[in-house]
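Secondary and tertiary structure notes
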Amino acid sequence: MKKRRPAAKRKSKKVAFRWPDLILAILLITLVSVQMIKWLDHHAQETPKVEQTSQTKSRQAFIKQLVPSAQKQQRQYHVFASITLAQASLESDWGTSELSQKYHNLFGIKSSDPNSPLLTTKEYVNGQWITVKARFAAYNNYDESISAHTQLFVSGTGWDSGHYQAVINAENYQEAARALQSKGYATDPDYAQKLIDLIKEYHLDQYDL
């Protein structure tokens, strides 16, 4: 009887460890990571730019929509078109407020009519902003709103017909903006400066006649 030879032991192959390969792999991973970070950072920077461009175009379209009416009022009553446009933009949040979209009220003009819309608004009282409910005028279109806004300056208030005469007699938009604040048109203590800043930023004085 033949004796079986014992099976030969399999020799395990050892893979030689190579430092250059490891270093190359690390370099590749690092390079890819750096490129990925750069791409993400660039994408994050581009997104706000796109949004800002879209917002600017929307605001410019809103302004141009109102220019003919604003200039018409300036021709008739000497209320600077830039002041009308700045107030409309600020008061209506560029035409996005509920009051301007639903009721075409661009300037937050209030109403004593009990059937007029009742909405919430913010007012600056005793050194702080508070939320109150008030009734506001409703118009059929923006032209009516701008006309009513001008007539407020022309006719004044119930207790003083010449209350806003300084706005009409102003020699430039800065003077008109400060006259509005001094006559208490708005409760915001920074109202005049906000109007001036808006006019400068969007070059609204180019529409003054």
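Please refer to the structure placed before this passage.
Residues numbered from 1 in each chain as written. Predicted model: local features only at pLDDT ≥ 70, side-chain atom pairs only at ≥ 80, totals over all residues. Heavy atoms only, no water.

What follows covers a nonpolar patch on the surface. Side chains of Trp19, Leu22, Ile23, Ile26 and Leu27 sit close together on the surface and give an oily, nonpolar patch of about 510 Å² of accessible area. In this fold, leucine 27 is placed in helix α1 (residues 19-77). Judged by its relative accessible area of 54%, leucine 27 is exposed. (Patch = residues over 30% accessible without salt bridge, like charges linked within 9 Å, V, L, I, M, F, W, Y side chains within 5 Å. Areas by Shrake-Rupley, 256 points an atom, 1.4 Å probe, with all protein chains shown as cover. Salt bridge = Lys/Arg side-chain N within 4 Å of Asp/Glu carboxyl O. Helix = DSSP H or I, 4+ residues; strand = E, 2+ residues; numbered from the N terminus. Buried < 20%, exposed > 50% of the residue type's maximum accessible area, 1.4 Å probe, protein only.)

Per the stated rule, a full pass over the model turns up two salt bridges. In this structure, aspartate 188 engages lysine 194 in a salt bridge whose closest nitrogen and oxygen atoms are separated by 2.6 Å.

Between its first and last C-alpha atoms helix α2 (residues 81-92) spans 16 Å; for twelve residues at 1.5 Å apiece the expected length is 16 Å, and the two agree. Within α2, ten of the twelve residues are buried, leaving the element largely enclosed by the surrounding structure. Looking at α2, one finds that the buried residues are Ala81, Ser82, Ile83, Thr84, Leu85, Ala86, Gln87, Ala88, Ser89 and Ser92. Taken from the residues just after α2, aspartate 93 is the one with a positive phi, measuring 55°. (Expected span 1.5 Å × (residues − 1).)

With that settled, the discussion passes to the side chain of glutamine 73. Counting through the fold element by element, glutamine 73 comes out in helix α1. Ignoring anything within four residues of it in the chain, the contact list for glutamine 73 reads His78, Val79, Ile146, Ser147 and Thr150. (Contact = heavy atoms within 4.5 Å.)

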